[in-house]
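# Results of the structural survey
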Amino acid sequence: MGRYVVRRLLQMIPVFVGATLLIFLMVHVMGDPIAGLCGERECDPATAARLRGEFGLDQPVWRQYLTYMGNVLTGDFGTAFNGQPVTELMGTAFPVTIRLTLVAIVLEIVIGITLGVVTGLRRGRPVDTSVLLLTLVVISVPTFVTGLLIQLLLGVTWGWIKPSVSAEAPLGELIVPGLVLASVSLAYVTRLTRTSLAENRRSDYVRTAIAKGLPRRRVVTRHLLRNSLIPVVTFIGTDIGALMGGAIVTERIFNIHGVGYQLYQGILRQNTQTVVGFVTVLVLVFLVANLLVDLLYAVLDPRIRYA
Amino acid sequence: MLLDVRDLHVEFHTREGVAKAVNGVNYRVDAGETLAVLGESGSGKSVTAQAVMGILDMPPGRITRGQVLFEGRDLLKLKEDERRRVRGAEMAMIFQDALSSLNPVLTVGDQLAEMFTVHRGMSRKDARARAVELMDRVRIPAAGQRVKQYPHQFSGGMRQRIMIAMAMALEPKLIIADEPTTALDVTVQAQVMDLLAELQREYRMGLILITHDLGVVADVADRIAVMYAGRIVETAPVHDLYKAPAHPYTRGLLDSVPRLDHKGRELYAIKGLPPSLLHIPSGCPFHPRCPMVRDVCRTDVPPLYEVTGAPAGRGSACHFWRECLHG
């Protein structure tokens, strides 16, 4: 197990380098970051040259990348063009996004698995059909449509919630945005749980459990669920990374000043340091989440042993 | 009389129509007796057992008629909760594939101990101790350590021993073993069968042994019931049946066993295929494959005739059982 973890950690290095290099190059071809700094007018060539030198933009790209990665490894993500250190931006943005992601994950687990269990045990009944239809609708409608619709209905027309989240983003205000963020994954979790449950329900060991004379409740929770939730847990684990990065749309709709918001602003203003810095951290989150999922998998299924 | 199955009918509702899996099965098992139920796949032997056990998937399955009398009370009339208390405690079942029949994510100890905590209300610690005893009883080496292992860490034979231990846990009066050795190596088959027979003798349990293996039957069974298309076509004490079958289907089965003294000759096979349960042939369901078929076979369903002149309780569902017996 220990050796496996070390190997996985080592494997993360090339993935990390590749991913950051890609994003670095993509941002590089986005255009000249200096061009937008002087407002409407074109920059004075002398000023532009001075800024280029100051930010190291006159160096070749590979050199810029190396310098940048060197700084990142010492914890320096550079400064945004407005002079604010990127780490400072991260310090305000990540706690908000993490809170939002937590809300989303909890909703995903509680609602998704509950609906999946209910429908999986009642396949073909009206409950099953209606939930299935509902999940299909949720999956097919893009998040920005559901998000704006919910904001309009709950926030503006009926006034149940504040249409935009305040700057401190308290937990209570994040519940509806969290639901919007989780909606598509939630629908997938429901369907995955349902299918997995229905499949395992016909399995031999469930028949054994029934033949042992166990109460139905015990058959379902101890024997059926334990096995059926293995793929679901895997899905939810990998989803953590996706939710943190994918909050851009939701954060924008509800005006939440988290990672997505900062990324959006960064791209809009061609703020290279911000974009690359945030994406780098997101890549790390993805990698660590995936590793944790793989390790969790071995805990849940004793047949899997890593050597 | 421990178990008395009377006129049992089971159907399955499928998209293609109604599959009549069991069509009027009668059998009885006494305490300490072994009844072998013999038949091809689809003959209804497993479905009958599942109906007796109460683990039939309903729907699509449906018991349309009959009684399952266990020590005199009809199990089919019990409420699910009462039925559940009978399962595992008074009658238990052993399945064919022990690997898929054991829960892969729970230790064998947990799965054995569960019998005691659920049915007997024992503490987890006591139940665990009983689980080790059980594993010892079915001769699993180093039971104390292996109790913490998972099913995939055991060999096929050891896994089937665990299934047997689980079935034996509460000393039930009846055990139904559904092809318990089919998935095992031949050498291991004999060990597992011996163990099962030994435990049965010791606790004087009734045993229903479902199999398609004539070799297994001869050694351990007292009586045989041969099933075809959801009916019992012949029932007899095991040695009488081997000596002189009273049904052409049984005869066909016996003739298709490979024998050393027939080496080099072509192996006999019953012609044709077992009938689809959606369209069971009229009259005697075996008539399209029967070498002795006559007109009456195509129209009249043969009842289970009592075979006279033989030891009591021998029956054959053939219009011409006399010819078959002596021919």
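Residues numbered from 1 in each chain as written. Chains lettered and ligands numbered in written order. Predicted model: local features only at pLDDT ≥ 70, side-chain atom pairs only at ≥ 80, totals over all residues. Heavy atoms only, no water.

### What to know about the overall build of chain A
For chain A, the helix and strand inventory stands at 12 helices and zero strands. For chain A, the succession of helices and strands along the chain, N to C, is α-α-α-α-α-α-α-α-α-α-α-α. The principal-axis extents of the C-alpha atoms in chain A amount to approximately 85 × 55 × 30 Å. Per-residue burial for chain A yields a buried fraction of 43% across its 307 residues. Residue pairs at least 24 apart in sequence account for 76% of intrachain contacts in chain A once pairs closer than 6 positions are excluded. In the form shown here, chain A has an accessible surface area of approximately 15,800 Å², with 67% of it arising from carbon and sulfur atoms. Considering chain A, the positive charge centre built from 27 side chains and the negative charge centre built from 18 side chains are found 19 Å apart. (Helix = DSSP H or I, 4+ residues; strand = E, 2+ residues; numbered from the N terminus. Buried < 20%, exposed > 50% of the residue type's maximum accessible area, 1.4 Å probe, protein only. Contact = heavy atoms within 4.5 Å. Areas by Shrake-Rupley, 256 points an atom, 1.4 Å probe, with all protein chains shown as cover. Lys, Arg positive; Asp, Glu negative; His and termini not counted. Charge placed at Lys NZ, Arg CZ, Asp CG, Glu CD.)

### Comments concerning the confidence of the model for chain A
With 94% of its residues at a pLDDT of 70 or more, chain A has an overall mean of 84. Within chain A, the lowest mean pLDDT, 77, falls on helix α2 (residues 45-55) of chain A, and the highest, 93, falls on helix α8 (residues 204-211) of chain A. (pLDDT = per-residue confidence, 0-100.)

### Comments concerning the domain arrangement of chain A
Residues and elements named next belong to chain A. You can read the domains of chain A as domain 1 (2-73) and domain 2 (87-300). The C-alpha-based centres of domain 1 and domain 2 are spaced at 32 Å. Each partner contributes residues to the interface: domain 1 has 17 residues there, and domain 2 has 17 residues. Interface of domain 1 and domain 2: buried area, both sides summed, is about 1,600 Å²; carbon and sulfur atoms make up 78% of it. Counting across the domain 1 and domain 2 interface gives one salt bridge. Linking domain 1 with domain 2 are two residue pairs in polar contact (both at pLDDT 80 or more), by the criterion used here. With 12 residues, the top contributor of residues to the side of domain 1 that touches domain 2 is helix α1 (residues 2-29). (Domains from an automatic or database assignment. Buried area = accessible area lost by both parts, 1.4 Å probe. Salt bridge = Lys/Arg side-chain N within 4 Å of Asp/Glu carboxyl O. Polar contact = N/O pair within 3.5 Å; in protein donor to acceptor, adjacent residues only side chain to side chain.)

### Digging into the packing of aromatic side chains
Using the criterion set out here, one finds seven aromatic pairs over all chains in the structure. Ring centres of A:Phe94 and A:Phe278 lie 5.7 Å apart, and the angle between their planes is 10 degrees; on these two criteria the pair is classed as stacked. Of this pair, A:Phe94 sits in helix α4 (residues 86-121) while A:Phe278 sits in helix α12 (residues 272-300), placing them 184 residues apart in sequence. Classification of A:Phe278 as buried rests on a relative accessible area of 0%. With a centroid separation of 6.3 Å and 55 degrees between ring planes, the pair formed by A:Tyr188 and A:Phe235 is classed as tilted. With A:Tyr188 in helix α7 (residues 175-201) and A:Phe235 in helix α9 (residues 216-245), this pair connects stretches of sequence that are 47 residues apart. Taking relative accessible area as the criterion, A:Phe235 reaches 25% and is therefore assigned partly exposed. Of the aromatic side chains, those joined through ring pairs into one cluster are A:Phe24, A:Tyr65 and A:Tyr68. In this arrangement the basic side chain of B:Arg146 is found over the ring face of B:Phe154, its NZ or CZ atom lying 4.1 Å from the centre. (Phe/Tyr/Trp six-rings, centres within 6.5 Å; stacked < 30°, edge-to-face > 60°. Lys NZ or Arg CZ within 6 Å of the ring centre and 35° of its normal.)

### Focus on the pairing of strand β4 (residues 61-70) of chain B
All names here are of chain B. Taken together, the eight bridges between strand β1 (residues 3-14) and β4 define a ladder with antiparallel strand orientation. Looking at β4, one finds that Phe12 is bridged to Gly61. The sheet contact formed by β4 and strand β5 (residues 73-74) spans two bridges and is antiparallel. Bridging from a neighbouring strand, Leu69 pairs with Asp74 of β5. What sits between β4 and β5 in their antiparallel hairpin is a turn of two residues, with Glu71 showing a positive phi close to 50 degrees. (Pairing = 2+ DSSP bridges.)

### Quick word on a positive patch on the surface
Side chains of A:Arg122, A:Arg125, A:Arg201 and A:Arg216 sit close together on the surface and give a patch of like positive charge. Summarising the element assignment, A:Arg201 is placed in helix α7. (Patch = residues over 30% accessible without salt bridge, like charges linked within 9 Å, V, L, I, M, F, W, Y side chains within 5 Å.)

### Section: the layout of surface pockets
Estimates place the volume of the largest pocket at around 1,300 Å³. In terms of lining, the largest pocket is formed by 40 residues, of which the most central are A:Arg201, A:Arg216, B:Leu56, B:Asp57 and B:Met58. Counting only elements with at least two residues in the lining of the largest pocket, the list comes to α4, α7, α8 and α9 of chain A together with β1, α1 (45-53) and α2 (80-86) of chain B. Tallied by class, residues from the lining of the largest pocket come to 20 nonpolar, five polar and 15 charged. (1 Å grid on protein atoms, 1.4 Å probe; cavity = no way out; pocket = protein on both sides within 12 Å on 5 of 7 lines; lining within 4 Å. Points joined across faces, edges and corners; volume = space filled by probe spheres on them. Nonpolar A, V, L, I, M, F, W, Y, C, P; charged D, E, K, R; others polar.)

### Observations concerning helix α6 (residues 143-157) of chain A
All names here are of chain A. Spanning 15 residues, α6 covers 20 Å between terminal C-alpha atoms, matching the ideal 21 Å at 1.5 Å per step. Of the residues making up α6, those classed as buried are Gly147, Gln151, Leu154 and Gly155. Here the buried face of α6 lies against α7 and α10 (248-253). Gly159 occupies a position one or two residues after α6 and carries a positive phi of about 65 degrees. (Expected span 1.5 Å × (residues − 1).)

### Side note on the pattern of salt bridges
Applying the stated criterion across every chain, the model contains 29 salt bridges over all chains. Here B:Arg73 makes a salt bridge to B:Glu90, at a shortest N to O gap of 3.8 Å. Note that B:Arg73 is positioned in strand β5 and B:Glu90 in the loop between α2 and β6 (91-94), a separation of 17 residues in sequence. What you see here is one network of salt bridges that share partners, running through A:Lys212, A:Arg218, A:Arg222 and B:Glu114.

### Some points on the sheet that holds strand β9 (residues 223-228) of chain B
All names here are of chain B. If you walk across this open sheet you meet the eight strands as β6-β7-β8-β3-β9-β10-β12-β11, and the pairing is mixed. Across the chains shown, the open sheet's two edge strands, defined by having one partner strand only, are β6 and β11 (305-306). Of the pairings in the sheet, the one linking strand β3 (residues 34-38) to β9 comprises four bridges and is parallel in character. Residue pairing for β9: Ala36 is matched across the bridge by Ile224. Strands in contact with helix α7 (residues 156-168) are β6 and β7 (174-178); relative to β6, the strand with the most contacts, it is inclined by about 170 degrees. (Axes fitted to C-alpha atoms, helices over the stretch in contact; angles between N-to-C directions.)

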